Amino acid sequence: MTFLRGLKFNSKNITLAILFVAIILPIGVFTFIQLKNLQEHEELLKGVQQRQLQTVIFSINQHSDDVMKSLLLRLENIADIPALTYDDILPKYPGLREVAIVRDGLDSALCLSGTDLISRDEIAEVLDMYHNELQRLRSYKDLGYSKLEPLATFHAASGNYNLLAFIIKDLEDQQSVCLLFIEPVTFIEQFIAPKMQELAEESYVIAAAEHASGELVYATDSTDNEGLQSLPLWLLPDYDVNVTLQGKSAAEISQNRFRLNLIWIMILTAILVLGFVVIVRNLRREMQLTQLKSDFVSSVSHEIRTPLALINMFAETLLLGRVREEEKKQEYYEIITKETSRLKNIVNKILNFSQLETKKRIYRFETARVDEVVKDTLDIYSYHLGNNGFEYTVSYGAGSTAASIDSEAVTEALINLIDNAMKYSGEQKRLDISTGIEDDEVYVSVKDYGIGISDKDQKMIFDKFFRVTQGDIYYVRGAGLGLSITKSIMDAHAGRIALFSTPDEGSEFQLLFPIVDVPAVISPVET
């Protein structure tokens, strides 16, 4: 039997393992896929956002590049470049401090500012320093391609300028080197800033800063957020344009969105796991209930078969006239009567349980003294106790205290407790039965000195069909209904049943009923 019970336990584990694979594994896979999709989605959104910001920076660069190229095209289409003056060009382009045009040589160099802001020696230095770059621009021009080339920062006597070079052709198809000397801070603040404001609106904060030092030159608004995109200005490579979102930074927005989506995934996963736990719990309970029902059917079948077999055997013996002695006949009659009574008790217990399950049992409550009900029960059951070798003590402590009870149902509950105590008393065939008052309740107590009940089994002791199955106790007769019926009876009386038990020391069950006031018409039971 121990082997078979172990086999059943393993079958349960296999079933749970199958459920785990069938439910928890898909949940884990689902969660993993969702997290992966979430990460890919976030990367996709981030990529789209980055491209949008790159477009903003591109628009700023394109704006400044287009305007400067329009200046150079204007220069190309002017017939008499030497006749140009400062007022014709420079005031229209803030930050543009000098335009130097060199056609045939240094002697032909023309500075539009008309000042010594950039000396001829400094122009010669530029032509020599960037000879290769200028030659490449000439080649591009010969091929019909015009390119505005940013050169390194030029340190002139009058200040530091960002230098741009361009090759133009006049109406006579003669090439000239055009050098633009730009003061970057003024150029950004007065020329690029309006475009930055136009693009920023209320969505972005756009700022320009020196690349090397990070010193801020201009920003459309104040922000502490780290820039989402930082790219150099085409015309001013030493300066970067930084773009960030208005309000929260991109990292914060991405983290918040990821956190929110993750919370929803976790909630969904938790719901699925909880559903799995509920399913497993209900399944285990159903499996346990099925096993208990199976044990119940087996036990009841045995319980019924035994008295039926005895009744049939002794009745047949008497019927065939095989027993001559009157004393022997009387013994057989007593056995038949005893087994009939036992069979009747089993059937009544099953019928009572069936009524309780279908809520069809009818209780007839009346105000009665608990001590009287206990005394009447023991008057009937004392013979059964003595016949099974039990000694018992009775202590009546309830006095005239009464409760609203169904005497027949309470008698049944008390007999169930006594029967249960007898079954699990082992070698200690001694019971203590008492009544008393505790706060606003009157109680009946049945105490044995048997095997006791473990903490684990105490949690299930009142479940229908449950029986303690440890060691030899597994073979104790019973249907596993007594305590379940007793608890149902106490629930119907708005009372409760209490259990105090220590393994190997014994158990005490108490039936507690609410006290009701009643005139003292009947004297207390004498002990």
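Model, not experiment: these values are computed from the prediction.

Each value, and the rule that gives it
Residues numbered from 1 in each chain as written. Predicted model: local features only at pLDDT ≥ 70, side-chain atom pairs only at ≥ 80, totals over all residues. Heavy atoms only, no water. Helix = DSSP H or I, 4+ residues; strand = E, 2+ residues; numbered from the N terminus. Contact = heavy atoms within 4.5 Å. Areas by Shrake-Rupley, 256 points an atom, 1.4 Å probe, with all protein chains shown as cover. Buried < 20%, exposed > 50% of the residue type's maximum accessible area, 1.4 Å probe, protein only. Pairing = 2+ DSSP bridges. pLDDT = per-residue confidence, 0-100. Salt bridge = Lys/Arg side-chain N within 4 Å of Asp/Glu carboxyl O. Expected span 1.5 Å × (residues − 1). Arc of directions from axis to C-beta. Axes fitted to C-alpha atoms, helices over the stretch in contact; angles between N-to-C directions. Parallel < 35°, antiparallel > 145°, perpendicular 65-115°, else oblique. Nonpolar A, V, L, I, M, F, W, Y, C, P; charged D, E, K, R; others polar. Phe/Tyr/Trp six-rings, centres within 6.5 Å; stacked < 30°, edge-to-face > 60°.

Student: Just checking my understanding: could you explain the overall build of the protein chain for this structure?
Tutor: In terms of helices and strands, the protein chain carries 11 helices and 16 strands. In the protein chain, the proportion of contacts linking residues at least 24 apart, taken out of those at least 6 apart, comes to 67%. Carbon and sulfur atoms provide 54% of the accessible area of the protein chain, an area that totals close to 29,600 Å².

Student: Help me understand unusual backbone geometry in this model?
Tutor: Glycine aside, residues mostly have negative phi angles, and peptide bonds mostly take the trans form. The backbone of Asp 439 sits at a positive phi, close to 60 degrees, despite the residue not being glycine. Among the secondary structure elements, Asp 439 is positioned in the loop between strand 13 (430–438) and strand 14 (441–448). Looking at Asp 439, the relative accessible area reads 72%, which means it is exposed.

Student: Sorry if this is basic, but what is going on with the side chain of Asn 162 here?
Tutor: By secondary structure assignment, the location of Asn 162 is in strand 4 (residues 159–169). Not counting residues within four places of it along the chain, the set of residues in contact with Asn 162 comprises Thr 153, Leu 180, Phe 181, Ile 182, Pro 184, Leu 235, Leu 236, Pro 237, Asp 238 and Tyr 239.

Student: What is the right way to read the pairing of strand 6 (residues 204–210) from this model?
Tutor: Note on strand geometry: in a regular strand, side chains alternate between the two faces of the sheet. Within strand 6, six of the seven residues are buried, leaving the element largely enclosed by the surrounding structure. With seven bridges joining them, strand 6 and strand 9 (residues 239–245) adopt antiparallel strand pairing. Across the sheet, Ala 209 pairs through a bridge with Asp 240, a residue of strand 9. Connecting strand 6 to the antiparallel partner strand 7 (residues 216–219) that follows it, the hairpin turn spans five residues, and Gly 214 within it adopts a positive phi of roughly 75 degrees.

Student: Looking at this structure, how should I read the confidence of the model for the protein chain?
Tutor: Should the pLDDT be low somewhere, the predicted coordinates at that spot are not to be read in detail. In the predicted model, the protein chain carries a mean pLDDT of 78, and 75% of its residues have values of at least 70. Per-element averaging of pLDDT across the protein chain places helix 2 (residues 86–89) at the bottom with 61 and strand 14 at the top with 93. pLDDT under 50 marks residues 1–9. Its contacts with residues more than four places away, or in other chains, come to five contacts. Across residues 471–475 the pLDDT falls below 50, and counting only partners more than four positions away or on other chains, this stretch makes 11 contacts in the model.

Student: Even after reading the chapter, I still don't get the pattern of salt bridges, so can you show me in this structure?
Tutor: Side-chain pairs of opposite charge can arise whenever the charged atoms involved come near each other. Evaluated as defined, the whole model comprises 11 salt bridges. With its nearest N and O atoms 3.7 Å apart, the salt bridge here joins Glu 149 to Arg 136. Here Glu 149, found in strand 3 (residues 149–156), pairs with Arg 136, found in helix 4 (residues 131–142); they are 13 residues apart in sequence, far enough to count as distant. Accessibility expressed as a relative area gives 13% for Glu 149, which makes it buried. When its relative accessible area of 33% is taken as the criterion, Arg 136 is described as partly exposed. One network of salt bridges, in which partners are shared, links Arg 136, Lys 147 and Glu 149.

Student: Honestly, helix 4 in this entry has me stumped. Any pointers?
Tutor: Within an α-helix, residues lying three or four positions from one another point in the same direction, as the helix has 3.6 residues per turn. With 12 residues, helix 4 extends 17 Å between its outermost C-alpha atoms, agreeing within 8% with the 16 Å of an ideal straight helix rising 1.5 Å per residue. Along helix 4, the residues that are buried comprise Leu 134, Leu 137 and Lys 141. Considered in projection along helix 4, the buried side chains sweep an arc of 55 degrees and stay on one side of the axis. Seen from the buried face of helix 4, the exposed residues on the opposite side, beyond 90 degrees, are Asn 132 and Asp 142. Remark: Gly 144 follows helix 4 within two positions and exhibits a positive phi of approximately 90 degrees.

Student: Explain the packing of helix 3 (residues 120–129) against helix 4 to me, please; I cannot follow it from the model alone.
Tutor: Relative orientation and spacing of two packed helices are given, respectively, by the angle between their axes and the distance between those axes. At a minimum axis separation of 5 Å, helix 3 and helix 4 run at an interaxial angle of 75 degrees. When the axes of helix 3 and helix 4 are compared, the pair comes out roughly perpendicular. Note on element contacts: helix 4 touches helix 3 through His 131, Glu 133 and Leu 134, opposite Leu 127, Asp 128 and Met 129. Grouping the constituent residues of the contact of helix 3 with helix 4 by class yields three nonpolar, one polar and two charged.

Student: In this structure, what is going on with the sheet that holds strand 3? I would like to understand it.
Tutor: Strand pairing in a sheet relies on backbone hydrogen bonds. The paired strands run either parallel or antiparallel. A sheet is described by the order of its strands in space; here five strands give the open sequence 2-1-5-4-3, paired in antiparallel fashion. Both outer strands of the open sheet, strand 2 (110–111) and strand 3, are each paired with one neighbouring strand and no more. In this structure, strand 3 lies alongside strand 4, joined through six bridges in antiparallel fashion. Directly across from Phe 154, in strand 4, lies its bridge partner Tyr 161. Relative to the sheet, helix 3 contacts strand 1 (96–102), strand 2, strand 3, strand 4 and strand 5 (175–182), its axis offset from that of strand 5 by approximately 110 degrees.

Student: Can you help me understand the packing of aromatic side chains in this one?
Tutor: Aromatic ring pairs are reported here in terms of the distance separating the ring centres and the angle at which the planes meet. One pass over the full model with this rule turns up eight aromatic pairs. Geometrically, the ring pair formed by Phe 187 and Phe 191 is tilted, given 4.8 Å between the ring centres and 35 degrees between the ring planes. With Phe 187 and Phe 191 both in helix 5 (residues 184–200) and four residues apart, this pair spans about one turn of that helix. In this structure, Phe 187 and Phe 191 share a single accessibility class: buried. Linked through ring pairs, Phe 154, Tyr 161 and Phe 181 together constitute an aromatic cluster.

Student: What is the right way to look at the environment of Val 347 in this model?
Tutor: Within the secondary structure, Val 347 sits in helix 7 (residues 326–357). A residue is classified by how much of its surface remains accessible, and Val 347, at 37% relative accessible area, is partly exposed. Distance in space between the C-alpha atoms of Val 347 and Ile 304 is 8.5 Å, their sequence separation being 43 residues.

Student: How should the pairing of strand 15 (residues 496–502) be read in this particular structure?
Tutor: In this structure, strand 15 lies alongside strand 16 (residues 506–516), joined through seven bridges in antiparallel fashion. Each residue of the ladder has a partner; that of Ile 497, found in strand 16, is Leu 511. The turn joining strand 15 and strand 16, which pair antiparallel and follow one another in sequence, is formed by three residues; a positive phi near 70 degrees is taken by Asp 504.

Student: Can you walk me through the side chain of Asp 419 in this structure?
Tutor: Mapped onto the elements, Asp 419 comes out in helix 9 (residues 407–423). Its relative accessible area of 17% is what places Asp 419 among the buried residues. Contacts of Asp 419, omitting those with residues within four sequence positions, involve Tyr 381 and His 384.

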